[in-house]
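# Inside the fold
One letter stands for each residue in the lines below.
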Amino acid sequence: MPEGIALLLIVALVVMVIGGGALMARTRGPRAPRPSGTEAEAARRVEAPPATRPDQVRPATRAPAKPAEAPPRPTLRDRLTKSRRLLSGRLAEALGQSATEETWEDVEAALIQADIGVSTATKIVSDLKAGARERRATEPDEVMSLLAQQLVGLFEAGRDRALAFAPEPPTVWLVIGVNGTGKTTTIGKLAGDLTSRGHTVALAAADTFRAAADEQLGTWAERSGARIVKHQPGADPGAVAFDAYKFAVARGIDVLIVDTAGRLHTKAPLMDELAKVRRVIEKEGKVHESLLVIDASAGQNGLVQAREFAHAAGVTGVILTKLDGSAKGGIALSIEDTLGIPIKLIGVGESIGDLEPFDPKTYVDALLT
Amino acid sequence: MFDSLSSRFDDIFTRLRSRGRLSEKQVDEVLREIRLALLEADVSLKVVKAFVAEVREQAQGAEIHKSLTPAQQVIKLVQGALVGVLGKEAAGLRTTSRPPRVILMAGLQGSGKTTAAAKLARLLKGQGRKPLLVACDLRRPAAIRQLQLLGEQTSVQVHAEPGANQDEAPAVASRALDHARLEGFSDLIVDTAGRMHVDAELMKELREVAAAAEPTETLLVCDAMTGQDAVNVAESFLEEVDVTGIVLTKLDGDARGGAALSMAYVTGRPIKFAGVGEKLGDLEAFHPDRMASRILGMGDVLTLIEKAERVFDEAEAKKMEEKLRKAEFTFEDFLGQLQALKKMGPLSQVLGMMPGMSKLPIGDAQLDQQMPRVEAIIKSMTRQERNNPSVLNGSRRARIAVGSGTSIQEVNKLVKQFDEVRKMVKAMSGGGGKGAKRRLPTGMKLPPGLGGL
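Residues numbered from 1 in each chain as written. Chains lettered and ligands numbered in written order. Predicted model: local features only at pLDDT ≥ 70, side-chain atom pairs only at ≥ 80, totals over all residues. Heavy atoms only, no water.

## A short note on the overall build of chain A
When helices and strands are tallied, chain A shows 15 helices and eight strands. Burial analysis of chain A (369 residues in total) assigns 57% to the buried set. The long-range share in chain A, meaning contacts at least 24 apart out of those at least 6 apart in sequence, stands at 76%. In the structure as shown, chain A presents an accessible area of about 14700 Å², 52% of it carried by carbon and sulfur atoms. (Helix = DSSP H or I, 4+ residues; strand = E, 2+ residues; numbered from the N terminus. Buried < 20%, exposed > 50% of the residue type's maximum accessible area, 1.4 Å probe, protein only. Contact = heavy atoms within 4.5 Å. Areas by Shrake-Rupley, 256 points an atom, 1.4 Å probe, with all protein chains shown as cover.)

In structure tokens form, the structure reads like this:
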């Protein structure tokens, strides 16, 4: 087939379906008078005043957490030892000398390499420059602490990062995310934590797509002493969730955690399926947490993921996994800053105890120390 | 995947086109924008710096071709440099004179090793070879079972030792190799546990598995959504084992995919395969030239045309084109062609392959929901209405909206778009030559790169 004909047909059909306006917006250059959607969005982001100025920042006072969900082991810094040298080393080096334009560029580079994103990094550095000038801060230590304050300031102070429990059991937590972020492992850890504190836990094996996903979850159920509800491979995930909910009610289970199949946020039918899993549970009860699992090594696409998952199934919190590598998970910072979805937990290893509550100050310290 | 990168280059070059010859200052500006675009696409900073420096060097030494505009020259340079990093051509698997060929799969947790191993086994089996899958991930719960199930689905044998201790991976690999030699398998695909590149103990295990398996190919499996860390991962794995190639997974998402550049640059190894879907057939050879074109905003037209040829009937397509040009195209024809378009995959994916189509005011999910709505609207029309849209008055439109479960606004919009396209195509063929395309009646602009229509 002559390629011209094929292309013409496709273009014609596509324009008929979505309209020429959309295409025009997509192809218009940056100097075009009317900003396209993404540009307008970017503009909004830039214009939005920083939530808190550096000098107003106070470390987040943690809301008195319900005793049930605060494992008392703030060992993130220890866990990050292996990779700590990366950012801190470069920053200290940069700030060790008197601040030149190059210094600020190095700071910006370090932030970019933490996956914080170019625009956020640029903004942080320009604020930092202004702050340093204003306070006549020239000593590396001063500038470092300014930077730390600024980064902590990106996390809204006093935001509740505790996982929500139902007043009357069962509590339902839905765990979602793209493929390979560590949903099932995280659920295993969550279950272990809950059972060790005397809760009864059931796991719903609603990942009926990936081969042996239910058996993987089953192993975690055994390790943690949780119950598991599963169907045949390929079964309807909504049906699994529904049965699991019924099971939890009938057996007086405290917490039901629903494992879902990893899915790319670009696949509309799979995102619809996820929305259905949520709806099915909500016919009978309530979903108390819809937790998005984000891989710390994820790049800027993490923000798109968060937006799309929030659109399909609501997201009440982010779990940032694999922080025990050299990746910094800076995209989670962008997710919280841009979408207002709090990071609630972090994964720092493969053992059942390697899940910790997220604390902005500890995280930023770990990033900079 | 490289969508936003494309649009950035589009922006830059659109702007450049309006200026005269390229000055050094302009080169600087372009390079700064390219640096930014690459960073936003998750290419690791280190790689960005090196890449930009290379392009600058070439730009300075480059001969000025009178036949090219400045923008075209820069495009050519950047494209050449990109292809240079991504690989000159699609690279196949290495061969060995002493079968079996051993292919070791390595990578971080969750990058998609097990799935990629099974897809590769299926691919090789389809080529008439006799692969054996080896389950050397003894750490993740049910990883062995996962590989066994995938083996069943692809009818490929799996060497698994479910009773083995978790530190016995090298021994399992070695026994599998013996087994494969004895049974005359042509390929051994060794699935290993996901490991953090900073985990010294597990990296040592990987080295031991490699020593036992004597791999011909060691494929580093990398998630296309990876950010800046890609460069650290690549460096660490390269230190431990002789990485011979890269498998890029989850390319069917909308990540910009800069990790591909980082990985290829750091390892100096070709990207051999790309995972493009959840089905076991969704593994393709990686095409560096297409990817580079895509980065440069020329879209992935070759793939698009390949797909189109599979779904559109040639005679039918010609007839439709004729009808479009003469403005005789009806909703009935539209409905028929939509069925073919649907077979090409989600609309968002089709658009992603088109040149310059990267900035979208609506999300992919919304976009993909558009198709069934349009279908419903047309199906709610009577035959007369479909063949002669001019009879569509207010009450008919209201009826169609109710019938299709949409709104009158949506029906109006569709009819308007339908008219616009008919006019657009007519104008394009009517005027003839390139100039006509720039004077579209509705002010619509064809994306750059589609000039050859």
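## Looking at the overall build of chain B
The helix and strand tally for chain B stands at 20 helices and eight strands. Sequence-distant contacts, at least 24 apart, represent 73% of the contacts inside chain B between residues at least 6 apart. Accessible surface, chain B: about 18600 Å² in total, of which carbon and sulfur atoms supply 48%.

## Focus: the environment of leucine 39 of chain B
Residue and element names in this part refer to chain B. One can find leucine 39 in helix α2 (residues 24-40). We classify leucine 39 as buried; its relative accessible area is 2%. Placed ten residues apart in sequence, leucine 39 and lysine 49 show a C-alpha to C-alpha distance of 9.8 Å.

## A few points about the sheet that holds strand β4 (residues 187-192) of chain B
Residues and elements named next belong to chain B. Within the open sheet, the eight strands sit side by side as β3-β2-β4-β1-β5-β6-β7-β8. Their pairing is mixed. Edge strands, defined here as strands with exactly one partner in the open sheet, are β3 (157-159) and β8 (283-285). Each strand of the sheet is rotated relative to its neighbour by a mean of 25 degrees, with strand direction disregarded. Pairing geometry for strand β2 (residues 131-136) and β3, over three bridges, is parallel. (Pairing = 2+ DSSP bridges. Axes fitted to C-alpha atoms, helices over the stretch in contact; angles between N-to-C directions.)

## Details of the environment of leucine 292 of chain A
Residues and elements named next belong to chain A. On the secondary structure map, leucine 292 appears in strand β5 (residues 289-295). Using a relative accessible area of 0% as the deciding quantity, one classes leucine 292 as buried. Sequence separation between leucine 292 and leucine 147 is 145 residues; the distance between their C-alpha atoms is 28 Å. When near neighbours in sequence (up to four residues on either side) are disregarded, leucine 292 contacts Ile176, Gly177, Ala306, Phe309, Val315, Gly317, Val318 and Ile319.

## Some points on the packing of helix α13 (residues 301-313) of chain A against helix α14 (residues 330-339) of chain A
All names here are of chain A. Running from N to C, α13 and α14 cross one another at 45 degrees; their axes reach a closest spacing of 9 Å. Taken together, α13 and α14 sit at an angle that is classed as oblique. Where α13 crosses over α14, the handedness of that crossing is right-handed. Only Ile331, Ser334, Ile335, Thr338 and Leu339 of α14 make contact with α13, whose side of the interface consists of Gly302, Leu303, Ala306 and Arg307. (Parallel < 35°, antiparallel > 145°, perpendicular 65-115°, else oblique. Left-handed = near helix turned anticlockwise from the far one by under 90°.)

## Looking at the packing of helix α7 (residues 118-134) of chain A against helix α8 (residues 140-153) of chain A
Residues and elements named next belong to chain A. Orientation of α7 relative to α8, taken along the N-to-C sense of each, is 130 degrees, at an axis distance of 10 Å. In terms of their interaxial angle, α7 and α8 are classed as oblique. Note on packing geometry: the crossing formed by α7 with α8 is right-handed. Along its contact with α7, which presents Lys123, Ile124, Asp127, Leu128, Gly131 and Ala132, the element α8 presents Val143, Leu146, Leu147, Gln150 and Leu151. Considered class by class, the residues forming the contact of α7 with α8 number seven nonpolar, two polar and two charged. (Nonpolar A, V, L, I, M, F, W, Y, C, P; charged D, E, K, R; others polar.)

## Re the sheet that holds β5 of chain A
Residues and elements named next belong to chain A. Spatially, the eight strands line up as an open sheet ordered β3-β2-β4-β1-β5-β6-β7-β8, and their pairing is mixed. Looking at which strands have only one partner, the edges of the open sheet turn out to be β3 (227-229) and β8 (355-357). Adjacent strand axes in the sheet meet at a mean angle of 25 degrees, parallel and antiparallel pairs treated alike. Alignment of strand β2 (residues 201-206) against β3, held across three bridges, turns out to be parallel. Paired with alanine 204 across the two strands is valine 229, which belongs to β3. Across the face of the sheet, helix α11 (residues 237-250) comes into contact with β1 (171-176), β2, β3 and β4 (255-260) while running at roughly 165 degrees to β2. Relative to strand β7 (residues 343-347), α14 is tilted by about 170 degrees, and along the sheet it contacts β5, β6 (317-321) and β7.

## Digging into the pattern of salt bridges
Applying the stated criterion across every chain yields a total of 38 salt bridges over all chains. For aspartate 127 of chain A, the salt bridge identified is with lysine 123 of chain A, shortest N-O distance 3.4 Å. You can see aspartate 127 of chain A and its partner lysine 123 of chain A sitting in helix α7, four residues apart, about one turn around the helix. In this structure, glutamate 385 of chain B engages arginine 399 of chain B in a salt bridge whose closest nitrogen and oxygen atoms are separated by 2.9 Å. Of the two residues, glutamate 385 of chain B is situated in helix α17 (residues 383-387) and arginine 399 of chain B in helix α18 (residues 394-404); the sequence distance between them amounts to 14 residues. (Salt bridge = Lys/Arg side-chain N within 4 Å of Asp/Glu carboxyl O.)

## Examining the nonpolar core
Among the nonpolar cores identified, the biggest contains 158 residues, and Leu151 and Val258 of chain A together with Leu120 of chain B are the most heavily contacted of them. It is α8 of chain A that contributes the most residues to this core, seven residues altogether. Residues lining this core come from more than one domain, with at least three contributed by each of domain 1 (3-86) and domain 2 (101-288) of chain B. Setting aside residues up to four positions removed in sequence, leucine 120 of chain B forms contacts with Leu93, Ile103, Met105, Ile189, Leu219, Phe273 and Leu283 of chain B. Within the second largest apolar cluster, 50 residues are counted, among which are Met16 of chain A together with Phe334, Leu341 and Val374 of chain B. (Core = buried A, V, L, I, M, F, W, Y, C linked by side-chain atoms within 4.5 Å. Domains from an automatic or database assignment.)

## Quick look at the confidence of the model for chain A
Detailed conclusions should not be drawn from predicted coordinates in areas where pLDDT is low. Residue and element names in this part refer to chain A. Per-residue confidence for chain A gives a mean pLDDT of 81, with 77% of residues at or over 70. Counted against residues more than four places away or in other chains, residues 24-77, with its pLDDT under 50, gives 82 contacts. Of the regions scoring below 50 in pLDDT, residues 79-86 engages in 19 contacts with residues more than four places distant in sequence or in other chains. (pLDDT = per-residue confidence, 0-100.)

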